[in-house]
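A structural walkthrough
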Amino acid sequence: MTASKKTSGADGAGSVLSTVSGPSEAGPPSPAKAGNPVEKRLFDKAAAEKQLAADMPFNPNKPGEYGDAARTPAEGDHHKPATPAATGSTSSEIASSDKVGDGKPAIGANPTVAPLDRVRVDPGDRHLTTNQGVPVADNQHSLKIGLRGPTAMEDFILREKITHFDHERIPERVVHARGSAAHGFFEAYDDFSTLTRAAPFAAKGKRTPVFVRFSTVAGERGSTDVARDVRGFAVKFYTDEGNWDLVGNNIPVFFIQDAMKFPDLVHAAKPEPHHGMPQAATAHDTFWDFAGLSPEIAHMLMWAMSDRAIPRSYRTMQGFGVHTFRLVNAEGESRFVKFHWNPLQGTHSLVWDEAVKISGADPDFHRRDLWEAIESGNFPEWELALQVFTEEQAASFPFDILDPTKLVPEELVPLTPVGRMVLNRNPDNFFAETEQVAFCTAHIVPGIDFSNDPLLQGRNHSYLDTQISRLGGPNFHEIPINSPIVQVQNNQRDGMHRQAIHRGRVNYEPNSLGGGCPFQAGKMGFTSFPERFTTEDKVRGNPALFAEHYGQARLFYRSQTPAEQAHIANAFRFELTRVQTPAVRQRILALLGNVDNDLVAKVAEGLGMEVPAPQPRAFDGEVPDYPPSPALSLMSRPGETGVRTRRVAILVAPGVDEAQVNNLYTGLLKAGAVPRLVGAMLGKVKAAGGTALDVEISLEAGPSVMYDGMIVPDGAADTLARNAHAIDFVREQYRHCKPILAMGSGADLLAKAMVPTTLPDGSNDPALLVDGVLADFQAALAGHRAFARETDPPMV
């Protein structure tokens, strides 16, 4: 008997009401027989489920999984259910409550990826509760047996509060533990679909939300912001085709060539394990021992010992994708690409003496700077530029583009600007967003693909693996800051901290009971670039060109200005002075002998050592002789925003010229700078006209290193000349090459501090202005520093 002719008295309802077995041929029971709405939905659900299964008598996707057909994935076969009940877990889902919802499930939707507003919490005009929602009457005292008696074990409110506090911290990142972050957007300059099908580049003016985290590498979560270190520059694009994480650094190359050595690098750079020192510093034996035995590190050492490793601000540092990636367009055409972030604020750094003192005065210097700039509406901005080149071009380079210790000079492949990134919103909660955000190099979208860089391949595994450990399981993607803005639909289930509650009984693919859903996306989905490989043996090793370690290290050093070269030599001198093992120092000098004779001579002199013979080279060929690249020098990147956000100290004391101070202060504010009245202590100072001025910060709380420039107005010198803090303030402003403007008697304070009025060679100092005008001071301030006045050791 066919299902259509089945007319048993129960209409098969008994089978539907049970959860096991059923007749071989049963038609759907009539909903008219249902005794209540839930039962009616159950009958509808059973009928629709049977139809979905019948619609797929076999798997039509299978032929496309084999042979040439597999090269172009097809969209998965799928069928729309006759009723939403068909794919539900339960017919009783129509029951509603304040907890389960309105009984109308969102079909085809995953609400856990809605905007972050869904999880923002505000306690305004609300009473205190426990985590279970129980109102708390007294949050000041534990429950005791009498006012002086023991605490009762039944105090569940105390237990919950203390237990949660005890477990508030999660494991910090092994590297990049110290970080700061912000929300913003990326906006494409044009339609770049001829280069890539990646969603952020699909149309002119298209905006993609981003979350960006900046970080140091070696230090722990509580370490200083301004240690000499690489800075992480990680960008999470919330695209309309999923999340893309561009996980880079502020330096375009890396220490090692293969991920196999990454644990050794980090172990060597971290505090030495026997005594846990030093924190957030590489100036110790184990790092330099590793470095001297790993000559591929030579190029990275040039960057790490340069001013790039002590940026003035997160806002004033470049970012790089480090590795070579692929761009793939809709036609499947591929090109190699390097990613560059260039700050509109210019690329500026601290000097070492300044960084050391900032660590004591304000170890949160970079975090505070980023927060304050965004809160004041001075949104940081970067331009994203690409270096795009073909495999044929790559084969002609004197280096291997799969080697992460090499960069592609801009003279070989110019930059192509493709868009801008603006950070315009600070996080609501540091832990929930900045600390819990999870980046992974393996998070890419259609249009972006990997190269065979062995370090990148290892990172693709490592980053995902570490997030599982750090964030408590495989569902870290459901933490709000990590969830995409598009739907997430797959058959992954369960695991620790699962938040999504999936409807239905289908958690596998292929299926017919769910109508074949979720189905594979086919051509619109991500497909890997079909790179062709010749048949080769399995081998552990690197290509021959990886063995050339010194050409680009030499390129970087010889592309720096004399002041920057001096800073590199001084950094090596400082770091190696702290090394205790002479053989380790000797080995590094031998490594530097392959980079530049002048550099190794300066470092050896600073260590009181003879210049040793260069280390033997692993590469038999000639070291490539690259012409200097001006783009590698900080001096070629002044920025486009002038004095905006630059901090200026205006020193005030009794007798200061009030009108002059007000004019200077107003002028700086108008130009976008951040002036502050700095005095001996907080309170008021009586100006020459009798009016009182309010000191905004004291010399003690806001020392010289916190400012980008200084003004000494007329009338302040008499009192300040007797204050040692003020004298030190002036001397450090000069020593750190900051712009200085002295008005009227303000020049007397410079004389008291023994500040020269000319450069060491006797010429005019363009950044030291006596009775100058504000416009000239602002021009010097926009230039950041006057390194021409720098001497070693300092004259003042």
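To be clear, the structure that these remarks concern was listed above.
Counting restarts for each chain: residues are numbered from 1 in the order of the written sequence. Only residues with pLDDT of at least 70 are given local features in this predicted model, and only at 80 or more are side-chain atom pairs given and counted; all residues enter the totals for whole chains, interfaces and linings. Here the side-chain values reflect all heavy atoms present in the structure, with hydrogen atoms and water set aside.

1. Remarks on the overall build of the protein
Rule in force here: Helix and strand assignments follow DSSP, with helices taken as H or I runs no shorter than four residues and strands as E runs no shorter than two, numbered in order from the N terminus. Under the scheme applied here, a residue whose accessible area is under 20% of the maximum for its type counts as buried, over 50% as exposed, and between as partly exposed, the area being computed with a 1.4 Å probe on protein chains only. Accessible surface area values rest on a Shrake-Rupley calculation with a 1.4 Å probe, where residue burial reflects the displayed protein chains alone. When charges are counted, Lys and Arg contribute as positive and Asp and Glu as negative, whereas His and the chain ends are disregarded. The atoms used to mark charge sites are NZ of Lys, CZ of Arg, CG of Asp and CD of Glu.
Looking only at helices and strands, the protein has 20 helices and 18 strands in total. Overall, the protein is about 110 × 80 × 55 Å in size when its C-alpha atoms are taken along their principal axes. Classification of the 796 residues of the protein by burial places 49% in the buried group. Accessible surface, the protein as shown: approximately 37,800 Å² in total, 55% of it carbon and sulfur. Charge centroids of the protein, computed over 78 positive and 96 negative side chains, lie 5 Å from each other.

2. What to know about the pattern of salt bridges
Oppositely charged side chains are able to pair whenever their charged atoms sit close together. Selection criterion: Put simply, a salt bridge is a Lys or Arg side-chain nitrogen that is within 4 Å of an Asp or Glu carboxyl oxygen.
Evaluation of the coordinates by the stated rule reveals 43 salt bridges. Arg420 is the partner of Glu381 in a salt bridge, and the nearest nitrogen-oxygen pair spans 3.2 Å. Of this pair, Glu381 sits in strand S8 (residues 381-389) while Arg420 sits in strand S9 (residues 416-425), and the two are 39 residues apart along the sequence. Accessibility expressed as a relative area gives 18% for Glu381, which makes it buried. In this structure, Arg498 engages Glu478 in a salt bridge whose closest nitrogen and oxygen atoms are separated by 3.6 Å. Of this pair, Arg498 sits in the loop between helix H11 (454-470) and helix H12 (551-558) while Glu478 is found in the loop between H11 and H12, placing the two residues 20 residues apart along the sequence.

3. Some words on the nonpolar core
Considering soluble globular proteins, one finds that nonpolar side chains tend to be buried as a cluster. The condition that has to hold: Grouping buried Ala, Val, Leu, Ile, Met, Phe, Trp, Tyr and Cys residues that are joined through side-chain atoms within 4.5 Å yields what is termed a nonpolar core. Two residues qualify as a contact provided that any one of their heavy atoms is within 4.5 Å of a heavy atom in the partner residue.
Of all hydrophobic cores here, the largest spans 62 residues; its most connected members are Trp288 and Phe572. Put simply, the parts of the chain that give this core at least two residues each are helix H4 (262-269), helix H5 (285-292), helix H6 (298-304), H12, helix H13 (562-577), helix H14 (582-592) and helix H15 (597-607). The element contributing the most residues to this core is H6, with six residues. Beyond its immediate chain neighbours, meaning those up to four positions away, Phe572 contacts Trp288, Leu301, Met302, Met305, Ile588, Leu592 and Val603. Among the nonpolar cores identified, the runner-up in size contains 57 residues, and Ile358, Val648, Leu693 and Ala753 belong to it.

4. What about helix H2 (residues 37-54)?
Put simply, the test is: Each residue after the first adds 1.5 Å to the expected span of a helix. What qualifies as a polar contact is a pair of N or O atoms within 3.5 Å, subject to a donor-acceptor requirement within protein and to the restriction that residues adjacent in sequence count only when both atoms come from side chains.
For H2, which comprises 18 residues, the first-to-last C-alpha distance of 26 Å matches the rise-based estimate of 26 Å (1.5 Å per residue) to within 8%. Among the residues making up H2, those that are buried are Glu39, Arg41, Phe43, Lys45, Ala46, Ala48, Glu49 and Leu52. Elements that come into contact with the buried residues of H2 comprise helix H1 (13-17). The N-terminus of H2 is capped by Asn36, whose side-chain oxygen sits 3.1 Å from the backbone nitrogen of Val38.

5. Looking at the packing of H14 against H15
To be explicit about the condition: A fitted line through C-alpha atoms serves as each axis, taken over the contacting stretch for helices, and the angle formed by two N-to-C directions is quoted from 0 to 180°. Working rule for angles: under 35 degrees goes down as roughly parallel, over 145 as roughly antiparallel, 65 to 115 as roughly perpendicular, anything else as oblique. For any pair of crossing helices, the crossing counts as left-handed if the nearer helix is rotated counterclockwise from the farther one by less than a right angle, and right-handed if it is rotated clockwise.
Where H14 meets H15, the closest approach of the two axes is 9 Å, and the angle between their N-to-C directions is 160°. By the criterion of interaxial angle, the relationship of H14 to H15 is roughly antiparallel. Note on packing geometry: the crossing formed by H14 with H15 is left-handed. From H14, Arg585, Leu589 and Leu592 reach across to H15, where they touch Leu599, Val600, Val603, Ala604 and Leu607.

6. Points about unusual backbone geometry
With glycine set apart, most residues show a phi of negative sign, and most peptide bonds adopt trans. For the bond from Glu509 to Pro510, the omega torsion is 10°, close enough to zero to count as cis. Checked against the element boundaries, Pro510 lands in the loop between H11 and H12. The amide bond that connects Cys517 to the next residue, Pro518, takes the cis arrangement and shows omega of -10°. Inspection of the secondary structure puts Pro518 in the loop between H11 and H12. Of note, the phi angle at Val322 is positive, near 70°, even though the residue is not glycine.

7. Thoughts on the side chain of Thr441
With respect to the element layout, Thr441 can be found in the loop between helix H10 (430-435) and strand S10 (448-450). Among the residues examined, Thr441 registers a relative accessible area of 2% and is labelled buried. Engagement of the side chain of Thr441 in a polar contact is seen with the side chain of Asn460, the distance being 2.6 Å. Aside from chain neighbours lying at most four places away, what touches Thr441 is Asp245, Val247, Phe450, Leu456, Arg459, Asn460 and Tyr463.

8. What about the side chain of Asp245?
You can see Asp245 is positioned in strand S4 (residues 242-249). Only 3.0 Å separates the side chain of Asp245 from the side chain of Lys236, close enough to count as a polar contact. What Asp245 contacts, discounting residues up to four positions off in sequence, is Val235, Lys236, Ala438, Phe439, Cys440, Thr441 and His443.

What is shown is where atoms sit, not what they do.
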